[in-house]
Amino acid sequence: MQTAFRAVVGPATATAIALLTHSLAGAAEIKVVTVGGLQKGIAPVAADFKKETGHDIKFNFTNPANLQKTLAAEGPFDVIVVATQPVDDLAKAGKLVAGSQVKAVRGGIAVAMREGAAKPDVSTPEALKAAMLAAKSIVYTDPATPNGSGEKTRAILQKIGVWDAVVAKGKMEGLGPGKEAVAKGVYELGLFNASEAEAPGCVVAGLVPQSLQEYTTYDAGVFADATQKEAGSAFVKFLTGAAARSEEHTSELQSLAYLVCRLLLEKK
């Protein structure tokens, strides 16, 4: 079964997590900087983590293009969960605790449509190409934004030779306005991160076929200047352990950012 996201690390055992988290003295507030692609699911993560440990998570959600500004203006933070390259850069600059960077999750692109509209077949490369050519209008996000959905969308559509056709009849919009326009029928289809594709009136028509999919891999790490290093490390372990377990609980159209960040998504 195809899923929008797959875990990329092995799960920590429940016993190990419990021993680590319960060893922490007192409740802490952990400041986490992350991106909109994980926003939908990371609140349940924080809620589960708080139940287990008593530690509270304070999130700052930012656009990938604004990450450096956010770090400078809103920091210091304890934990970061963003695309791999910015985390690599921070680690190389000595701004993360040595060895704290881990692969967390990865997520792909979905095709969105207006709720109630006829659902296009996007299940194979041929079907996706036909759907893109048949659609009267398509919206996508800025392909010039590093690690953004527009960058991945362009790469996917170039593989099947329809990027120029989509640009000719489509429009680049921000994520929020783009989804709103799809919901209102202004655009027939939209291409967004699977984790962010749904909104009132805007639903997922299907995932980009796996053979074409372009994934964004998200890493997590603990900042060297964190005030809550121990608690932050516990949260990272909790997050990545849940990510690894989440796939067995997923349905085809649930996204990784929703699943992964719902620590212990469906508790057994």
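Criteria and thresholds
- All residue numbers refer to positions counted from 1 along the written sequence of the respective chain.
- For this predicted model, a pLDDT threshold of at least 70 governs which residues receive local features, and a threshold of 80 or more governs which side-chain atom pairs are given and counted, while totals over whole chains, interfaces and linings are taken from all residues.
- In computing side-chain properties, one takes all heavy atoms of the structure into account and sets aside hydrogens as well as water.
- Categorising residues by exposure relies on relative accessible area from a 1.4 Å probe, with only protein chains included: less than 20% of the type maximum marks a residue as buried, more than 50% marks it as exposed, and the intermediate range marks it as partly exposed.
- Strands are runs of DSSP state E lasting at least two residues, helices are runs of H or I lasting at least four, and both sets are numbered from the N terminus onward.
- Starting at the helix axis, one direction is taken to each C-beta atom, and the arc is that of these directions.
- We call two residues in contact when some of their heavy atoms are within 4.5 Å.
- A pair of strands counts as paired when DSSP detects no fewer than two bridges linking them.
- Angular values range over 0 to 180 degrees, each being the angle between N-to-C directions of two axes fitted as lines to C-alpha atoms, with helices fitted over their stretch in contact.
- Every residue gets a pLDDT, meaning the predictor's confidence in that residue, from 0 to 100.

Visitor: Please explain helix H3 (residues 67-74) as it appears in this structure.
Guide: An α-helix turns once every 3.6 residues. As a result, residues three or four positions apart point the same way. The set of residues buried in H3 consists of Leu67, Thr70 and Leu71. For H3, the angular spread of buried residues about the axis comes to 100°, placing them on one side. Turned more than 90 degrees off the buried face of H3, the exposed positions are Gln68, Lys69, Ala72 and Ala73. Contacts made by the buried residues of H3 are with strand S2 (29-35), strand S3 (56-62), strand S4 (79-83) and helix H4 (84-92).

Visitor: I tried to follow the sheet that holds strand S9 (residues 189-193) on my own but got confused; where do I start?
Guide: Adjacent strands of a sheet pair through backbone hydrogen bonds, lying either parallel or antiparallel. Strand order across the open sheet formed by 5 strands is S8-S7-S9-S6-S10, with mixed pairing between neighbours. Bordering the open sheet on either side are strand S8 (171-172) and strand S10 (202-207), each of which pairs with just one other strand. Relative to S10, strand S6 (residues 109-114) runs antiparallel, the two sharing 5 bridges. Note that in S10 the partner of Ala112 across the bridge is Val204. Most of the contacts of helix H6 (residues 149-159) go to S9, to which it runs at about 120°, and overall it touches S6, strand S7 (138-140) and S9. Against the sheet, helix H8 (residues 175-183) engages S6, S7, S9 and S10, with an angle of about 145° to S9.

Visitor: In this structure, what is going on with the confidence of the model for the protein? I would like to understand it.
Guide: Low-confidence regions, as indicated by low pLDDT, have predicted coordinates that should not be scrutinised in detail. On average, residues of the protein score 82 in pLDDT, and 80% of them are at 70 or above. Looking at the elements of the protein, mean pLDDT is at its lowest for helix H10 (residues 256-260), recorded as 41, and at its highest for S7, recorded as 98. Note that pLDDT drops below 50 for residues 1-19; the model gives that stretch 60 contacts with residues more than four away or on any other chain. Overall, residues 244-268 carries pLDDT values under 50, and its contacts beyond four positions in sequence, including any with other chains, amount to 80 contacts.

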